[in-house]
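One-letter residues, chain by chain:
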2 protein chains.
Amino acid sequence: MLNGMMTDSSSNAVLGIFRANAILEERFTGALSAVHGLALKELLLMLYVQRAPGSKLSRVDLAKRLHVNPSTVTRMTLPLEKIGMIAREADARDARLAYVTLTPSGEERLNEAFATLNRMSADVFQDRWSEEDIEGFDSLLQRIAPHSYS
Amino acid sequence: MLNGMMTDSSSNAVLGIFRANAILEERFTGALSAVHGLALKELLLMLYVQRAPGSKLSRVDLAKRLHVNPSTVTRMTLPLEKIGMIAREADARDARLAYVTLTPSGEERLNEAFATLNRMSADVFQDRWSEEDIEGFDSLLQRIAPHSYS
DNA sequence: ATATTATCATTGCATATGCAAACATATAAC
DNA sequence: GTTATATGTTTGCATATGCAATGATAATAT
C-alpha cells in the first residue's frame, strides 16, 4: 500500500460494536429498570435460565453466558432470590451445584420485561431496516460471537 | 399472528450486539493491557483525544464520546497523566475547561496500541469475511449508533 | 450591573465487579 | 481405598463507576 492511510474497516467495525453496545445498554437499562424494576443484566440472567435445558443453570454456566465472574453471579442472585424472582435448587448427584431456577412470579416478570425489550429492540431498527436487513445483521453478529455454551 | 412464537429478529440482533461486545471487550482488554499496559478504555480515551479537532478534548466531551460519567473521566485521566501519556491544558477564554491532550510519548504509545487493536480487529473478521462484508457490517452499525459528538 | 441560571470539573458515597483465596465436593490416579 | 487434582460456590479485598452535591466560572435575564 503505497499511499498513506490504510482503511481500517475492521477496527471501525469493532469500535462500532463498542459504541452500539454502550448506547443500547444505556437506553435499555434505564427503561427496564424504570418499568419493570429489573436491571438489564438481571433480565439477561433470568432469560438465560429460562432458555436453558430444564430451565435451570448452575452459577458457573450462568457466568459463562453472561461473560462475568462466577462471584458476580453469586452476588446478583442474592437480591433476585430475596424478592422471589428466582430460587436455588440442589443437584441430586453433585452436592457442589447450586442451580438457579425461575419462580412463577419470576417467569411472569421476565416475560413482561422481555416484551419491553422486544419492543425497544424493534424501535432500534424501526427506520430504514427491512426484515432481511435485521436478519442479515444478526447473522453477521453470530459469526463474530457465536453462542458458545459449555 | 396465529401460530405461537413470534420470530424476534430485532431482539436477537440486540442480544447479539451485547454478546459480541462482551467477547470483544474481554479479548481486547487482556491483550492491550498485557502488551501495552493500557486498558481498552484508556486506549479509547486517548484515541478520541487524538481524533478530536485540535487534538484536545474537555472532560465532558470525552465523557460523551466514551458514554461514561464525567467523574469517570476525571478519575481515568489521573493515572494517565501521572505516567506521562496525557497532559492538562487550560482554555484561554473559559477557565472552567480542562482539556486533555496527548504528550509525545502518549501519542507514540497510542499509535503502537492502536496498531495492535487493528491487528486484533482484522483477526475478528479473518474467516469468511470479505472486505465488503466488513464495510457493510460497519455501515449497519453506524445506523444504529451514529457518532453523535456534542 | 446584578441576579439567576447553566456548564465544567471534582469529590463523597454507594454499589458493582474482577481476582485470588478458601472451602466443599467430585473425579482421577495409583 | 487413599491421595492428588479438578470443579462449583462463596468471601475478602481492591478497583471501577454512577449519582448527587459542591465549587468555580460563564452566560443570560432583568
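The structure under discussion appears in the preceding block.
Residues numbered from 1 in each chain as written. Chains lettered and ligands numbered in written order. Predicted model: local features only at pLDDT ≥ 70, side-chain atom pairs only at ≥ 80, totals over all residues.

S.K.: If you had to explain the protein's contact with DNA strand C to someone new, which residues and values would you point to?
M.R.: Around DNA strand C lies a shell of 19 residues, among which A:Asn69, A:Thr72, A:Ala95, B:Arg59 and B:Ser71 are the nearest. Listing elements by their share of the surface near DNA strand C, those giving two or more residues are helix 4 (70-82) of chain A together with helix 3 (59-66) and helix 4 (70-82) of chain B. No other element matches the four residues that helix 4 of chain A contributes to the surface near DNA strand C. (Near = placed C-beta within 6 Å. Helix = DSSP H or I, 4+ residues; strand = E, 2+ residues; numbered from the N terminus.)

S.K.: Could you give me a rundown of the relation of the copies chain B and chain A, with the residues and numbers involved?
M.R.: Each copy superposes on the other: chain B lies on chain A with an RMSD of 0.0 Å after a rotation of 180° and an axial shift of 0.0 Å. Taken together, the rotation and translation relating the two chain copies correspond to the operation of a two-fold axis. Comparing interface residues between copies, 100% of those in chain B also sit at the interface in chain A, which points to an isologous, same-surface contact. (Least-squares fit on C-alpha atoms with pLDDT ≥ 70 in both. Contact = placed C-beta atoms within 7 Å.)

S.K.: Which residues make up helix 3 (residues 59-66) of chain A, and what values go with them?
M.R.: Residues and elements named next belong to chain A. Among all positions of helix 3, only Asp-61, Leu-62 and Arg-65 are buried. In a view along the axis of helix 3, the buried residues occupy a sector of 100°, so they form one face of it. Residue His-67 follows helix 3 closely and has a positive phi angle near 55°. (Buried ≥ 20, exposed ≤ 12 C-beta atoms within 10 Å, placed from the backbone. Arc of directions from axis to C-beta.)

S.K.: For the sheet that holds strand 1 (residues 56-58) of chain B, give the residues involved together with the corresponding values.
M.R.: Strand pairs in the sheet, formed through backbone hydrogen bonds, run parallel or antiparallel to each other. All names here are of chain B. Across the sheet, which stays open at both edges, the three strands sit in the order 1-3-2 with antiparallel pairing between neighbours. Two strands close off the open sheet at either side, each with one partner strand: strand 1 and strand 2 (86-90). With strand direction ignored, the average angle separating the axes of adjacent strands in the sheet is 35°. Sheet analysis places strand 2 next to strand 3 (residues 98-102), joined by five bridges and oriented antiparallel. Bridging from a neighbouring strand, Ala-87 pairs with Thr-101 of strand 3. Contacts from helix 2 (residues 40-51) reach strand 1, strand 2 and strand 3, with the element oriented near 95° to strand 3. (Pairing = 2+ DSSP bridges. Axes fitted to C-alpha atoms, helices over the stretch in contact; angles between N-to-C directions.)

S.K.: Describe the protein's contact with DNA strand D, and please don't skip the residues or the numbers.
M.R.: Around DNA strand D sit 19 residues, and of these A:Arg59, A:Ser71, B:Asn69, B:Thr72 and B:Ala95 come closest. Of all the secondary structure elements, the ones that give two or more residues to the surface near DNA strand D are helix 3 and helix 4 of chain A together with helix 4 of chain B. Tallying contributions element by element places helix 4 of chain B first for the surface near DNA strand D, with four residues. Here the surface near DNA strand D is built from residues that sort into seven nonpolar, six polar and six charged. (Nonpolar A, V, L, I, M, F, W, Y, C, P; charged D, E, K, R; others polar.)

S.K.: Explain the interface of chain B and chain A to me, using residue names and the numbers behind them.
M.R.: At the interface, 36 residues of chain B touch 36 residues of chain A. Those elements that place two or more of their residues in the side of chain B that touches chain A are helix 1 (9-36), helix 5 (104-124) and helix 6 (131-144) of chain B. In terms of residue count, helix 1 of chain B provides more of the side of chain B that touches chain A than any other element does, 16 residues in total. Grouping the amino acids of the side of chain B that touches chain A by side-chain chemistry returns 18 nonpolar, ten polar and eight charged.

S.K.: Any chance you could break down helix 1 of chain B for me, citing the residues and the numbers?
M.R.: Between the first and last C-alpha of helix 1 of chain B there are 39 Å, a value that for 28 residues agrees with the 40 Å anticipated at 1.5 Å per step. Positioned one or two residues after helix 1 of chain B, B:Gly37 has a phi angle of 65°, which is positive. (Expected span 1.5 Å × (residues − 1).)

S.K.: Summarise the nonpolar core; cite the residues concerned and give the values.
M.R.: In terms of nonpolar packing, the biggest core is built from 76 residues, with A:Ile17, A:Leu43, B:Ile17 and B:Leu43 touching the most fellow members. If near-sequence neighbours (up to four positions away) are discounted, A:Ile17 is found in contact with B:Ile17, B:Ala20, B:Asn21, B:Leu24 and B:Leu141. (Core = buried A, V, L, I, M, F, W, Y, C linked by C-beta atoms within 7 Å.)

S.K.: Give a detailed account of the sheet that holds strand 3 (residues 98-102) of chain A, specifying residues and quantitative values.
M.R.: All names here are of chain A. Read across the open sheet, the three strands follow the order 1-3-2; overall the sheet is antiparallel. A single partner strand is all that each edge strand has here, and the edge strands are strand 1 (56-58) and strand 2 (86-90). Strand-to-strand twist in this sheet, taken as the mean axis angle between neighbours without regard to direction, amounts to 35°. Packed on one face of the sheet, helix 4 meets strand 2 and strand 3 and runs near 110° to strand 2.

S.K.: Provide a residue-level description of the packing of helix 2 (residues 40-51) of chain A against helix 3 of chain A, including the pertinent values.
M.R.: Residue and element names in this part refer to chain A. Where helix 2 meets helix 3, the axes come as close as 10 Å, and the angle between the chain directions of the two elements is 120°. As summarised for this structure, helix 2 and helix 3 are arranged oblique, according to the angle between their axes. Viewed along their axes, helix 2 and helix 3 form a crossing whose handedness is right-handed. Note on element contacts: helix 3 touches helix 2 through Leu-62, Arg-65 and Leu-66, opposite Lys-41, Leu-44, Leu-45 and Tyr-48. (Parallel < 35°, antiparallel > 145°, perpendicular 65-115°, else oblique. Left-handed = near helix turned anticlockwise from the far one by under 90°.)

These figures come from the coordinates and say nothing about function on their own.
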